[in-house]
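Take a look at the letters that make up each chain.
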Amino acid sequence: MSAKLLKVLPVLLLFIVSPLIQAQTPEGSFRDTTPEDFVAKNLPSKYYNELWTYHADLNEDIQLVVTFSINDFGSSFKERVTGGKLMVAWKDGNSYVVNKEYSPDDLISEAEDHHLKLHPERNYWAKGSLDNEHRLYYKTQKDGIKYDVDITFYDIAQGKALGDGEYKIGSHKLGLTIPMPHAKVKGFVAINDDTVQVTGTGYMDHLYQDNLTTDLIDTSYRVKQGDEKYGFYLHFLKIKSNRSRSTIGYGVGYKNGMAYLISPSGIEVNRSKGDLDLQTTFGTYQDGKIEVEAYDMLNKYSLINELGSVQKFFVKKVVGGELIEMHGNARINGSKEGYFYYMDAK
């Protein structure tokens, strides 16, 4: 089996398990996050996936997603690994994706200073108190293209969690917290020798799961609009099973600077084109319907597309499909600008 195929398999396991009935919500109330909500869980499990997802919408029509991860395929031919992925939609209309992979033995994860680093000698890390400033750094080179991202999140809104953060899905669990529902962003992004000083906004959430499958998760939706005065960030996930469909996840909304819980009552896709849900209605118990139009997809990516036809067949056979990632600009309730990051499990 090729080394390239082995590197792809664990990332495609973002959603892996057998069809189940329905999810149970976390135990506890809406609360502030703590540094322990940021630190790596790295739970023992045959299959495992953990993500720290940073998404920033910046000036000069630049948008980026940086994801740090822990992945386990549960196989003798592929051990548990950590990963760092950078997705960039550049000002000239081009888009880029680069991935790096290391051993979990090299991972640095510390609650103090919210420190996460894939390898002590590599340039992929995040560090800094969420009460002050949090710096994200990613520098590498691939296929003759140099990438250099050095941005700082500041004026960070208080992170929020729903109870213990764990959704029970049959005998399995999915944990979700939002340590950074909103922040301002400053710094620079460079592709080759083209360096741009950037400003904008962003968010970060932390997700972990054991043994989920493309048979269970239909789509993951992240949507951001506004600021910590009047705005929201939500991460809803549509669950599918043989008996029912349900929605898990939550969001953080703001009215007059006061944070409140946004909980899902359902998701209705009104119009799609290809893999992208162009017009989606998110039902919520607090704000009624939130209408989201994903009108400008800036980047679309699937690791499986890097494989040959035989390797693609093998991966789809083993993991039950592929995971397609899309991010870009959105229009909220017909008039307000925002941005989205969707994952579609096929």
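Located above this text is the structure these notes cover.
Just so it is clear, the model here is predicted, and its values are computed rather than measured.

1. Digging into the packing of aromatic side chains
- The full count for this structure, using the stated rule, is 12 aromatic pairs.
- Summarising the aromatic geometry, the rings of Tyr221 and Phe282 are spaced 5.2 Å apart at their centres and angled 80° between planes, so their arrangement reads as edge-to-face. On the criterion of sequence distance, the pair formed by Tyr221 in strand β16 (residues 217-226) and Phe282 in strand β21 (residues 276-284) is long-range, its members being 61 residues apart. One exposure class covers both Tyr221 and Phe282, and it is buried.
- Three or more aromatic residues joined by ring pairs form one cluster here, namely Tyr221, Phe236, Phe282, Phe340 and Tyr342.
- Taking the ring centre of Phe30 as reference, the NZ or CZ of Lys160 above it sits at 5.3 Å.
- Lying across the ring of Tyr295, Arg331 places its NZ or CZ 4.2 Å from the centre.

2. Description of the environment of Tyr260
- Along the chain, Tyr260 falls in strand β19 (residues 258-262).
- Considering only alpha carbons, one finds Tyr260 and Phe30, 230 residues apart in sequence, at a separation of 8.2 Å.
- Apart from residues lying up to four places away in sequence, Tyr260 is in contact with Phe30, Gly251, Val252, Gly253, Tyr254, Lys255, Gln286 and Asp287.
- Polar contacts involving the side chain of Tyr260 include one to the side chain of Asp287, which spans 2.7 Å.

The rules we used
Starting afresh in each chain, residues are numbered from 1 along the sequence in its written order. With the structure being a predicted model, the display of local features is reserved for residues of pLDDT at least 70 and the display and counting of side-chain atom pairs for 80 or more, all residues being used for whole-chain, interface and lining totals. Water and hydrogen atoms were dropped before computing side-chain values, which therefore reflect all heavy atoms in the structure. Working definition: rings of Phe, Tyr and Trp (its six-membered ring) pair if their centres are within 6.5 Å, and the pair is stacked with planes under 30 degrees apart, edge-to-face with planes over 60 apart, and tilted otherwise. Here a helix means four or more residues in a row that DSSP labels H or I, a strand means two or more in a row labelled E, and each is numbered from the N terminus. Buried means the residue's accessible area, taken with a 1.4 Å probe over protein chains only, is under 20% of the maximum for its type, while exposed means over 50%, and partly exposed covers the values in between. A ring has a charge above it when a Lys NZ or an Arg CZ is no more than 6 Å from the ring centre and no more than 35 degrees off the ring normal. Residue contacts are counted whenever heavy atoms from the two residues lie within 4.5 Å of one another. Polar contact is defined as a pair of N or O atoms within 3.5 Å, subject to the rule that within protein one atom must be able to donate a hydrogen and the other to accept it, and that residues adjacent in sequence are counted only when both atoms are side-chain atoms.

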